[in-house]
Amino acid sequence: MSVILKIFIYLCLCAGLHCVDQMPWLPCQFFDEHIFVNHENHTETQFIHKDTVLQFGKKGDAPVNPHAITFLVTGSKLDLRDYVQGVGAERLDCELRWFSTEGIQLRWPSHGAQEYDCWFRCTLKHTAGHFTVNAFLRHTPAQRPSDQQDYRSRPAIGDRDLLPTSVAMVLQTLSPSVLPALSSQQKLHCQFAIDHKGPNAQVEWHRQTRGERLLLFSHASRSGQTKGSGVGLKALVGGDASFTLPLVKLNSEGTYICSVSVPPLLGSVDVTLHVQERPRVSLNVGSSLVLTDGTFQKVACEAEGYYPLDVEIVWYQEQPGASGKRVGAPLPKKVDNILLSSHKHNQEGTYSLSAFFYLQASLSQSGYQYTCTVSHQSLLVPIRKSFTLTVEEPTSWTFYFLIAGLLAVLCPMLCYWYKVRRESMKQRKPY
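Model, not experiment: these values are computed from the prediction.

Colleague: Sorry, what's going on with the sheet that holds strand β8 (residues 177–178) here?
Modeller: Whenever strands of a sheet pair, they do so through backbone hydrogen bonds, lying parallel or antiparallel. Across the sheet, 6 strands lie side by side as β8-β16-β15-β11-β12-β13; this open sheet has mixed pairing. Pairing within the sheet leaves two strands with one partner each, and these edge strands are β8 and β13 (226–228). Summarising the sheet, β8 and strand β16 (residues 265–273) pair through 2 bridges and their orientation is parallel. Residue pairing in the sheet places S177 in a bridge with T272 of β16.

Rendered as structure tokens:
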């Protein structure tokens, strides 16, 4: 191995910003628990935050930080790093908590597992919300407990302890939050993996909204019993438990929970669904508006069919030639005398709103551009609709009088000329 390559690997390991296969450790926050009975004889849990290292390696590896708690994730059929591929350590939030089996004493069907194993839940989240990973780490204490401990008690973990663990089960979603439009189809991603074949797994989807929890789908691997729909059974065999909503409605909003139960473990990932419908924006005038100086025109900007409720409509006035210029042009001026209609609640549950004003035409404003901007959380950038105003001078009354006088003189003359011509024609006609 060349010296340059060795230096490169060393820098990667020190920075912690390398590719997934080379990621040796992650900084983590461990929520230790102190369970006690208070003076009112009630059981309380005190959470103690401790800085921890989640280290990947093999049994016998020395901790990268001997002064911190180290969860050493050793060989298993499951590798947590496979679920965060391409993401640097600086984009991951890591959290470790105890997991209680609620008194269920079962030996996990993996090599070296014991009935007295300790369980921890590790959660990895992308800082930008791209995914969530929940994993269960199994730790076998070096010595079997001398007596039957209460499941609520926790073995003490020292500030420099090293705990060898292995990954037993992983759940992941690539869609922690989705924002579908009405009447669209939406897939809610959920993937799971278990470290042994033929597990007695129960997969379920629930929707929770306004305090109610509704079962959408359930499948038991051992019995083959299935309730509900939305998950492909063939895909489920490979660990794909993704749920498909065929038609998004307003009452589809809520938190969707994908859960996998393999006793004594029960894990889940949440997917939050909020409906977003883009507004349709239109003006009651065309791209150009011609008015006479001194006249009035009602100008309205209509935002229709949007959801949720909050929307902002603003009118701007811009001088001729200023549109599109970056340097030296005056900024658009906000139109102040704007009136808003009341929100209209449409039949399908969306909303509509109109913002209008009465434009008084002035020759000094001829060539001005008026722009309506509509902002809504469903839009990355506001929608803009514009028209250009042209103001004409009113026709002079003097001109009308002149035309009328001219007609008054010409009409008799034309009549006389016609009469003379007619008489002349009669005299020329032979008898």
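What follows picks up the thread again.
Colleague: Sorry, what's going on with the pattern of salt bridges here?
Modeller: A side chain of one charge can pair with a side chain of the opposite charge if their charged atoms are brought near each other. One pass over the structure, following the stated rule, counts 6 salt bridges. We note a salt bridge from K50 to D159, for which the minimum N-O separation is 3.9 Å. Here K50 is found in strand β2 (residues 43–56), whereas its partner D159 is found in the loop between β6 (132–139) and β7 (162–173), with 109 residues between them in sequence. Judged by relative accessible area, which is 15%, K50 ranks as buried. Between E95 and R97 there is a salt bridge, and its shortest N-O distance comes to 2.8 Å.

Colleague: Is there a simple way to think about the packing of aromatic side chains in this case?
Modeller: Both the distance between ring centres and the angle between the ring planes are used here to describe each pair of aromatic rings. On inspection of all chains with the given rule, the structure shows 15 aromatic pairs. Ring geometry for F30 versus F71: centroids 5.4 Å apart, planes at 65°, classification edge-to-face. One end of the pair, F30, is in strand β1 (residues 25–37); the other, F71, is in strand β3 (residues 69–73), with 41 residues separating them in the sequence. According to the relative accessible area criterion, F71 is buried, its value standing at 0%. Taking the centre distance of 4.5 Å and the plane angle of 40° together, the rings of W98 and F120 count as tilted. Of this pair, W98 sits in strand β4 (residues 92–98) while F120 is found in strand β5 (residues 118–126), placing the two residues 22 residues apart along the sequence. Judged on exposure class, the residue W98 and its partner F120 are both buried.

Colleague: How do you make sense of the environment of R207 when you look at a structure like this?
Modeller: Structurally, R207 can be placed in strand β11 (residues 202–209). Once the C-alpha coordinates of R207 and T255 are considered, the two residues, 48 residues apart in sequence, prove to be 5.7 Å apart. Residues contacting R207, with those up to four places away along its chain left out, are E212, R213, L214, L216, N251, S252, E253, T255 and Y256. Separated by 3.1 Å, the side chain of R207 and the backbone oxygen of N251 make a polar contact.

Colleague: What is the right way to read the state of the cysteines from this model?
Modeller: Simply put, disulfide is the name for a covalent bond between the sulfur atoms of two cysteines. A full pass over the atoms with the stated rule returns 3 disulfides. In this model C28 forms its disulfide with C94; the gap between the sulfur atoms is 1.7 Å. Here the disulfide of C28 and C94 is left-handed, its torsion about the S-S bond being about -60°. Note that C28 is positioned in strand β1 and C94 in strand β4, a separation of 66 residues in sequence. Its relative accessible area of 6% is what places C28 among the buried residues. Paired through a disulfide, C190 and C258 show a sulfur-sulfur distance of 2.0 Å. Across the S-S bond of C190 and C258 the torsion is about -70°, and the bridge reads as left-handed. Separated by 68 residues along the polypeptide, C190 in the loop between β9 (186–188) and β10 (191–194) and C258 in strand β15 (residues 254–262) bring together distant segments of the chain. With respect to class, C190 is no different from C258; both count as buried. Shown here for the chain is a disulfide pattern of 1-2, 3-4, 5-6, where each number marks a bonded cysteine counted in sequence order. Not part of a disulfide, C122 finds its nearest cysteine sulfur in C94, a span of 4.2 Å.

Cut-off values and rules
Residue indices follow the written sequence of each chain, beginning from 1 at its first position. Residues qualify for local features only when their pLDDT is at least 70, as the model is predicted, and side-chain atom pairs are given and counted only at 80 or more; totals for whole chains, interfaces and linings, by contrast, use all residues. Excluded from the side-chain calculations are hydrogens and water; all other atoms, namely the structure's heavy atoms, are used. Between any two strands, at least two bridges found by DSSP are needed for them to pair. Helical segments are the DSSP runs of H or I of at least four residues, strand segments are the runs of E of at least two, and each set is numbered from the N terminus. Each reported salt bridge corresponds to a side-chain nitrogen of Lys or Arg within 4 Å of a carboxyl oxygen of Asp or Glu. Only protein chains enter the area calculation, which uses a 1.4 Å probe; residues under 20% of their type maximum are buried, those over 50% are exposed, and those in between are partly exposed. By convention, a stacked pair of Phe, Tyr or Trp rings (six-membered ring in the case of Trp) has centres within 6.5 Å and planes under 30 degrees apart, an edge-to-face pair has planes over 60 apart, and any other such pair is tilted. Throughout, a residue-residue contact means that at least one pair of heavy atoms, one from each residue, lies within 4.5 Å. Here a polar contact is taken to be a pair of N or O atoms separated by no more than 3.5 Å, where protein atoms must pair a possible hydrogen donor with a possible acceptor and residues adjacent in sequence count only if both atoms sit in side chains. A pair of sulfur atoms, both from cysteines and within 2.5 Å, is called a disulfide here.

Nothing here speaks to function; it is geometry throughout.
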